[in-house]
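# Survey of secondary and tertiary structure
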Amino acid sequence: KKVRGRDAVPFEEMERLMNLYGSIKAPRIRGAAKKKKGSAEEGDKKVPVKKDSIKRKFYRWFPNFEERFTRDENGHYQPVNGHEYEMKYRAEMRQKSMTVVVNKRSDSITKKKYGQNGKIAKEKTSNLLSRQFSSSGGSSSSSSNSDKNMNIEADI
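Every value quoted in this text rests on a predicted model; they were computed, and no experiment measured them. (Residues numbered from 1 in each chain as written. Predicted model: local features only at pLDDT ≥ 70, side-chain atom pairs only at ≥ 80, totals over all residues. Heavy atoms only, no water.)

### As for the confidence of the model for the chain
Detailed conclusions should not be drawn from predicted coordinates in areas where pLDDT is low. When pLDDT is averaged across the chain, the result is 73; 56% of the residues are at 70 or more. When pLDDT is averaged over each helix and strand of the chain, the minimum, 46, is found for strand 1 (residues 2-3) and the maximum, 95, for strand 6 (residues 77-79). (pLDDT = per-residue confidence, 0-100. Helix = DSSP H or I, 4+ residues; strand = E, 2+ residues; numbered from the N terminus.)

In structure tokens:
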């Protein structure tokens, strides 16, 4: 029987394959989410994850499932190219994904720190300069300090 153009995989088999092979993408480690009232944990009881959520996750983890797995006589799905090859393939895909994530984070940090064009943002420069002048003990006139700030900012 078909479900949305895919062979129907039993839920227990989905869980088995997910536990055995893992994701094709690098795991995202995020900080603990703030708990809302009535969310996943109610007091000491844990609310089970919905089956539909697990099914969506399964098809994200196994995007080309029909090409990579076949069903054996016991009803279990086995990798077409063997267990070792599938484990190696998934490890390589997670490594590639991790490289992409690291590059995205690095680019994001660089843009936040230096702005879009790679130069330090003007407000950060003026904050830095004002700290330098105040710590240098320049107790002359305040107008001369502001003139110095304007000339230095124009040079940058």
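Still more ground to cover, so stick around.
### A look at the packing of aromatic side chains
Considering all chains together, one arrives at eight aromatic pairs under this definition. With a centroid separation of 5.6 Å and an interplanar angle of 65°, the aromatic rings of Tyr-21 and Phe-69 are classed as edge-to-face. Linking Tyr-21 in helix 1 (residues 11-21) with Phe-69 in strand 5 (residues 69-71), this pair joins segments that are 48 residues apart in sequence. For Tyr-21, a relative accessible area of 3% gives the class buried. What makes Phe-69 buried here is its relative accessible area of 4%. Residues Phe-65 and Phe-69 carry aromatic rings whose centres are separated by 5.1 Å and whose planes lie at 20° to one another, so their mutual orientation is stacked. Of the two residues, Phe-65 and Phe-69, neither departs from the other in class, the shared state being buried. Between the NZ or CZ atom of Lys-51 and the centre of the ring of Phe-11, over which it lies, the distance is 5.0 Å. Against the face of Phe-62 rests Arg-90, its NZ or CZ located 4.2 Å from the ring centre. (Phe/Tyr/Trp six-rings, centres within 6.5 Å; stacked < 30°, edge-to-face > 60°. Buried < 20%, exposed > 50% of the residue type's maximum accessible area, 1.4 Å probe, protein only. Lys NZ or Arg CZ within 6 Å of the ring centre and 35° of its normal.)

### Some remarks on the side chain of Arg-68
Locating Arg-68 in the fold gives a position in helix 3 (residues 65-68). Given the relative accessible area of 13%, Arg-68 is considered buried. Ignoring sequence-local partners within four residues, the contact set of Arg-68 consists of Gln-78, Pro-79, Val-80, Tyr-85, Glu-86 and Tyr-89. (Contact = heavy atoms within 4.5 Å.)

### Quick word on the nonpolar core
Counting 12 residues, the largest nonpolar core consists of Val-9, Phe-11, Met-14, Leu-17, Met-18, Tyr-21, Ile-54, Phe-58, Phe-62, Phe-65, Phe-69 and Tyr-77. Among the elements that make up this core, the one with the highest residue count is helix 1 (five residues). (Core = buried A, V, L, I, M, F, W, Y, C linked by side-chain atoms within 4.5 Å.)

### Focus on a positive patch on the surface
A cluster of basic residues, Lys-50, Arg-56, Lys-57 and Arg-60, forms a positive patch on the protein surface. Position of Arg-60 among the secondary structure elements: in helix 2 (residues 51-61). (Patch = residues over 30% accessible without salt bridge, like charges linked within 9 Å, V, L, I, M, F, W, Y side chains within 5 Å. Areas by Shrake-Rupley, 256 points an atom, 1.4 Å probe, with all protein chains shown as cover. Salt bridge = Lys/Arg side-chain N within 4 Å of Asp/Glu carboxyl O. Lys, Arg positive; Asp, Glu negative; His and termini not counted. Charge placed at Lys NZ, Arg CZ, Asp CG, Glu CD.)

### A short note on the pattern of salt bridges
Tallied over the full model, the rule gives three salt bridges. The salt bridge partner of Arg-68 is Glu-86, with a shortest N-O separation of 3.1 Å. Of this pair, Arg-68 sits in helix 3 while Glu-86 sits in helix 4 (residues 83-114), and the two are 18 residues apart along the sequence. The same class applies to Arg-68 and to Glu-86, which are both buried. Where salt bridges share partners, they join Arg-68, Glu-86 and Arg-90 into one cluster.

### Concerning the environment of Arg-94
By the element assignment, Arg-94 lies in helix 4. Of the residues examined, Arg-94 reaches a relative accessible area of 22% and is grouped as partly exposed. Spatially, the C-alpha atoms of Arg-94 and Gly-22 are 9.7 Å apart, while their sequence positions differ by 72 residues. Apart from the residues lying within four places of it in its own chain, the contact partners of Arg-94 are Tyr-21, Gly-22, Ser-23, Ile-24, Lys-25 and Ala-26. At 2.6 Å, the side chain of Arg-94 forms a polar contact with the backbone oxygen of Ser-23. (Polar contact = N/O pair within 3.5 Å; in protein donor to acceptor, adjacent residues only side chain to side chain.)

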